[in-house]
Amino acid sequence: MNKRRYGVGAIALIAASALALAGCASGSSTTTSGDSAAVISVNGSEPQNPLVPTNTNETGGGKILDSLFAGLVYYDATGAVQNDVADSITTDDAQTYTIKIKSGQKFSDGEDLTAKNFVDTWNYGANAANTQLNQSWFNIIEGFDEKNPVESLSGLKVVDDTTFTVTLTEPLSDFPIRLGYSAYYPLPEKAFEDMEAYGQNPIGNGPYKFASDTAWAHNEKLDLVVNDTYDGGRKAQNGGVTYKFYSSEDAAYADLLGGNLDVLDSVPASAYANFQSDLGDRAVNQPAAIFQSFTIPTNLAHFSGDEGKLRRAALSMAINRDEITDVIFEGTRTPASDFTSPVIDGWSDSLEGADVLKYNPDEAKKLWAQADAISPWSGSFQIGYNSDSSHQVWVDAVSNSIKNVLGIDASGAPYPTFAEFRTAVTGKTITTAFRTGWQADYPGLYNFLQPLYQTGASSNDGDYSSADFDAQLQKGATATDTGAANDEFSKAQDILLKDLPAIPLWYSNVTGGYGESVSNVQFGWNSQPLYYEITKS
Amino acid sequence: MAGYILRRLLQAVPVLLGTTFLIYFMVFAMPGDPLLALFGDKAPDPALLERLREQYHLDQPFIVQYFLYLGGIFHGDFGTSFSGEPVSAILVRTFPVTIRLAIMALIIEFVGGVLIGLISGLRKGKLFDASALVVSLIFISLPIFVIAFVAQFVFGIQLGWVKTTVSAGAPIQDLILPAFVLASITFAQLIRLTRASVIETEQLDFVRTAYSKGLSRRRIIPVHILRNSLIPVVTYAATDFGVLLVGATVTEGIFNVPGVGRTLYQAIVQGQGPTVVSFVTVMVLIYLVVNLVVDLLYGLLDPRIRYVK
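No experiment lies behind these values; they were computed from the predicted model shown.

Peer 1: I tried to follow the overall build of chain B on my own but got confused; where do I start?
Peer 2: Secondary structure summary: chain B contains 13 helices and 0 strands in total. By principal-axis analysis of the C-alpha atoms, chain B measures approximately 85 × 60 × 30 Å. Counting across all 309 residues of chain B, residues that qualify as buried make up 33%.

This is how it looks when you write it as structure tokens:
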């Protein structure tokens, strides 16, 4: 009995002193200068693969790698490219690049980082024998072979400790922009001895490093602390980052509200309606580098030739994007005005022919009637999607919008799982239009255009093929000046707006939030907070 | 007795083989290519895809895949997940968490349910009984995710008494709220079951005899009434323990408990054959053992029950 009473007394005492302390703290500190030793907690998901940059292609592992490694360049808050490890990247013809790295670079274990580390890593990633998920990122380098093992690419040459040259198979103006992507991060020599073991406890060269050998508690969390050997532009303003792994966004959001999580980079759909009022000015809602559309394959009846162009334009103008993004998504999507994203350098909302993306029921009806004059419409218009994610609501809304304006039968065509859906799409067995989305890997217009619409490109799911577009794209790719390249890419988009291989819908917004104890939270172009900038008091 | 246990264990072997085969077949028959889903909206290199397929034996016919898997189990190798982690490591990591949660929930529901049910049964028709019935009705009719979300919001966010989700390592204090949520529905069922059983037993001849012999209530209630009322209750609670052990997907998801249910759900969605089958195999084993233990418990509660060889 006595003991218990002491217990209560002790708790009361602690509570009282805590209150007193809190009072002192709020009284004395008016400016929030962060505690440089404070560790911030952020949401994440268990990496699907060992933490090897050349073998990680999903965001769960990707955002951890971005903290652990430093590439030749990095992207600042505006998406602009800044040198990280690189001292200079130069070229005369957009095909052969000379890359100089800063001297005295080190990995977090003190080992020197030289040009050879980059060349060895890229050779490893490109070698078919290693089955790396990011292998295709190296297919632009001379000597690449996707099927047969190649030990060292002929396009990579070490000149000296701080210099190497890269020869590409063809001119590519945006090669320097790509170099911030995680596939190009350097690996230390010892990684190649046992890649499996390395991936569980990687040594990097970035702003952070593993807190201990066992910092990765699978499925639960991963602790990173500041890496003192890093001296690039992303110097950490906090003591470390703890990634907490969540299986649902709802759980992470509850933790943010409950004060158990400092930064959340994705608000669950269930909280769209109220997260801005829940969090006030600590809510984040801005466009991201994610483009959503639906693709109408060219082999679909009524959708090729002149008739196809008319029908595609009619469908596009029959969709009330403003209303759908407002009502269905509570303003967490931004209506599309092109095929890329507003956060990308070179984006424009005034492309020639962008009117086709505006809601215009009268014009839509007129174009549809013109198409009917060529060949009368029959059947129903369907949009395929995977129902294991929250797509049904907007697919239904888009279908209804089309149905109401054009007076045709339109509906969604659900597939139970994402795997099943993608199998039907890539196997070309799908007989309807289908949802398509694209999240950029690096902030360049080319990355939104080439993989999706170039003839025979890897993700050209609708089999779009236009000689004009391909030529225009090529012009941009071979330009040696970024501004000039972007002008050419804009012209290429003008062609897409006429042909509409896919109907642009909207850009996904990054929806996030942060707790009261952290400040200076900025989201980068890739919807990820710039963790290194965040301060915590 | 020993012969009975041995026979029951032998019966488990064909059951286990049958279930692994069925589950493996079902995972295999799931439409869609799990490797394709790994690449999201981006199409992978065909050559790369082919090599990955070889690596996970996905290019082999179903029966070959199954025997490769089965052969591995006999060497203690449960296969590897796509992330390169051995499935056995995942099993070892997740089951202790779920077992801890299940035991906590079981204690809460058993102690609470039997106690309230007993008092209700003894005071049939009184105020306490009526309110217990109303409360249990509310809990039975609410879906568990509603209870979970409300509990998380009230105790985690509004009052701040507990953490909103379970932190790494799943410490016991973090598991209290999920355990209460998990226990809530069975707890309500147990109240009703105990109450009905107590009322029935109370009217039996031996209880009336005990009273007329002048035995005290303090002896009659625990020894004569409660013990004889417990058989249906124990059966129910034990089956529920089996259910809890194989993971509560919804509750584990909401509270982010790194346990069996959450892991299995993700494995199913990602089409990870070896992980799914290994988990289900262990679950079947647990069910068999729990059922055996229940059958043996009957003998303790009622010595008239004998086990036939």
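Having seen the model, we can carry on.
Peer 1: Mind showing me how you'd approach the overall build of chain A here?
Peer 2: When helices and strands are tallied, chain A shows 15 helices and 20 strands. Radius of gyration (C-alpha) of chain A: 26 Å, near the 24 Å computed for a compact globule of 537 residues. By its C-alpha atoms, chain A is 90 × 65 × 40 Å across when sized along the principal axes. By residue count, 51% of the 537 residues in chain A fall in the buried class.

Peer 1: Help me understand the pairing of strand 4 (residues 86-91) of chain A, please; the structure alone is not making it clear to me.
Peer 2: Remember that side chains alternate between the two faces of the sheet whenever the strand is regular. Residue and element names in this part refer to chain A. Pairing geometry for strand 4 and strand 5 (residues 96-101), over 5 bridges, is antiparallel. When the sheet's bridge partners are listed, Thr91 is paired in strand 5 with Tyr97. Here strand 4 folds back onto strand 5 in antiparallel fashion, the turn holding 4 residues, of which Ala94 has a positive phi close to 60°.

Peer 1: So what exactly am I meant to see when it comes to the sheet that holds strand 6 (residues 156-160) of chain A here?
Peer 2: Strand pairing in a sheet relies on backbone hydrogen bonds, with the paired strands running either antiparallel or parallel. All names here are of chain A. Read across the open sheet, the 4 strands follow the order 4-5-7-6; overall the sheet is antiparallel. Looking at the sheet topology across the chains shown, the edges are occupied by strand 4 and strand 6. Put simply, the sheet's adjacent strands are angled 20° from each other on average, direction ignored. Sitting on the sheet, helix 3 (residues 115-126) touches strand 5, strand 6 and strand 7 (163-167), and the angle it makes with strand 6 is about 170°.

Peer 1: Mind showing me how you'd approach the interface of chain B and chain A here?
Peer 2: Listed as interface residues are 40 residues of chain B and, on the opposing side, 41 residues of chain A. Going through the elements one at a time, helix 2 (34-37), helix 3 (46-55), helix 7 (144-158), helix 11 (249-254) and helix 12 (260-269) of chain B are the ones with two or more residues in the side of chain B that touches chain A. Here the side of chain B that touches chain A gets 5 residues from one element, more than from any other, and that element is helix 3 of chain B. Its residues placed into classes, the side of chain B that touches chain A shows 16 nonpolar, 15 polar and 9 charged.

Peer 1: Hey, could you run me through the nonpolar core in this one?
Peer 2: Inside soluble globular proteins, nonpolar side chains tend to come together where they are buried. Ranked by internal contacts, the top residues of the largest apolar core, which has 198 residues, are Ala314(A), Ala318(A), Ile402(A) and Leu449(A). A total of 13 residues in this core trace back to one element, the largest contributor, which is helix 8 (residues 172-202) of chain B. Sequence-distant contacts of Ile402(A), that is, excluding residues within four places in its chain, are made with Leu315(A), Ala318(A), Ile319(A), Phe381(A) and Ala410(A).

Peer 1: I would appreciate a short explanation of the environment of Leu36(B) in the present structure.
Peer 2: With respect to the helices and strands, Leu36(B) occurs in helix 2. Look at Leu36(B) and you get buried, because 21 C-beta atoms sit within 10 Å. For the pair Leu36(B) and Ile5(B), spaced 31 residues apart in sequence, the C-alpha separation works out to 47 Å. Look past the residues within four positions of Leu36(B) in its chain and what remains in contact with it is Ala419(A), Arg422(A), Thr423(A) and Thr426(A).

Peer 1: Any chance you could explain unusual backbone geometry here in plain terms?
Peer 2: It is generally the case that most residues other than glycine have a negative phi and that most peptide bonds are trans. Residue and element names in this part refer to chain A. Phi at Glu330 takes a positive value of approximately 50°, unusual for a residue other than glycine. Of note, the phi angle at Leu500 is positive, near 45°, even though the residue is not glycine. Counting through the fold element by element, Leu500 comes out in the loop between helix 15 (482-499) and strand 18 (502-514).

Peer 1: Is there a simple way to think about helix 10 (residues 217-245) of chain B in this case?
Peer 2: Because the α-helix completes a turn every 3.6 residues, residues three or four places apart line up on one side. Residues and elements named next belong to chain B. Along its length, helix 10 reaches its greatest deviation from straightness, about 45°, at Ile231, and the proline Pro232 lies no more than four positions downstream. Taken residue by residue, helix 10 has Ile225, Leu226, Ser229, Leu230, Val233, Ala237, Asp240, Phe241, Leu244 and Leu245 as its buried positions. Buried-residue contacts for helix 10 involve helix 5 (87-122), helix 8, helix 9 (205-212) and helix 13 (273-301).

Peer 1: Explain the pairing of strand 15 (residues 381-386) of chain A to me, please; I cannot follow it from the model alone.
Peer 2: Residues and elements named next belong to chain A. The element strand 15 is largely enclosed, with a buried count of 6 among its 6 residues. Residues Phe381, Ile383 and Tyr385 line one face of strand 15 and the alternating positions Gln382, Gly384 and Asn386 line the opposite face, and both faces are buried. In this sheet, strand 16 (residues 410-415) lies alongside strand 15 in parallel orientation, the contact comprising 6 bridges. When the sheet's bridge partners are listed, Tyr385 is paired in strand 16 with Pro414. Read from strand 15 through helix 11 (residues 392-406) to strand 16, the crossover connection turns out right-handed.

Peer 1: Explanation requested: the packing of helix 8 of chain B against helix 10 of chain B in the structure shown.
Peer 2: When two helices pack together, their arrangement is given by the angle between their axes and by how far apart the axes lie. Residue and element names in this part refer to chain B. The contact between helix 8 and helix 10 brings their axes to 8 Å, and the two run at 160°. With respect to helix 10, the axis of helix 8 lies roughly antiparallel. In the crossing of helix 8 with helix 10, the sense of the turn from one axis to the other is right-handed. On the side of helix 8, the interface is formed by Leu182, Thr186, Gln189, Leu190, Leu193, Thr194, Ser197, Val198, Thr201 and Glu202, while helix 10 contributes Ile225, Asn228, Ser229, Pro232, Val233, Tyr236, Ala237, Asp240 and Leu244. Each residue belonging to the contact of helix 8 with helix 10 can be placed in one class, and the counts come to 10 nonpolar, 7 polar and 2 charged.

Peer 1: Explanation requested: the environment of Leu315(A) in the structure shown.
Peer 2: All names here are of chain A. Its place among the elements puts Leu315 in helix 8 (residues 305-317). Taking the C-beta count within 10 Å as the criterion, Leu315 has 27 such neighbours and is therefore assigned buried. For Leu315 and Gln454, which are 139 residues apart along the polypeptide, the C-alpha to C-alpha distance reads 23 Å. Not counting chain neighbours up to four residues away, the residues in contact with Leu315 comprise Ile402 and Ile503.

Peer 1: I'm lost on the environment of Leu300(B) in this one. Help?
Peer 2: Relative to the elements of secondary structure, Leu300(B) occurs in helix 13. Between the alpha carbons of Leu300(B) and Arg227(B) there is a distance of 9.9 Å; along the sequence they are 73 residues apart.

Rules and cut-offs
- In every chain, residue numbers begin from 1 and rise along the written sequence.
- Chains carry letters and ligands carry numbers; both start at the beginning, A for chains and 1 for ligands, and go up in the order they are written.
- In view of the model being predicted, local features appear only for residues whose pLDDT reaches at least 70, and side-chain atom pairs are presented and counted only at 80 or more, with totals across whole chains, interfaces and linings using the full set of residues.
- Each helix corresponds to a stretch of at least 4 residues labelled H or I by DSSP, and each strand to a stretch of at least 2 residues labelled E; elements are numbered beginning at the N terminus.
- Residues are called buried when their C-beta atom has 20 or more other C-beta atoms within 10 Å, exposed when it has 12 or fewer, and partly exposed otherwise; all C-beta atoms are positioned from the backbone.
- Here the radius of gyration uses the C-alpha set of atoms, whereas the globule reference equals 2.2 Å times the residue count to the power 0.38.
- In this analysis, strands are considered paired if DSSP registers two or more bridges between them.
- Throughout, an axis means a line fitted to C-alpha atoms (over the contacting stretch in the case of helices), and angles, computed between N-to-C directions, take values from 0 to 180 degrees.
- By the convention adopted here, residues make contact when the C-beta atoms placed from their backbones lie within 7 Å.
- By the convention adopted, Pro, Cys, Tyr, Trp, Phe, Met, Ile, Leu, Val and Ala count as nonpolar, Lys, Arg, Asp and Glu as charged, and the other residues, Gly among them, as polar.
- Put simply, a nonpolar core is buried Ala, Val, Leu, Ile, Met, Phe, Trp, Tyr and Cys residues tied into one set by C-beta atoms within 7 Å.
- To get the bend at a given residue, fit one axis to the seven residues ending there, fit another to the seven starting there, and take the angle between those axes.
- A crossover gets the label right-handed when its path from the first strand over the helix to the second runs clockwise, viewed with the strands pointing away from the viewer.
- Oblique is the label for any angle not under 35 degrees, not over 145, and not in the 65 to 115 range, which are roughly parallel, roughly antiparallel and roughly perpendicular in turn.
- Each crossing is labelled by how the near helix is turned from the far one, with a counterclockwise turn of less than a right angle marking it left-handed and a clockwise turn marking it right-handed.

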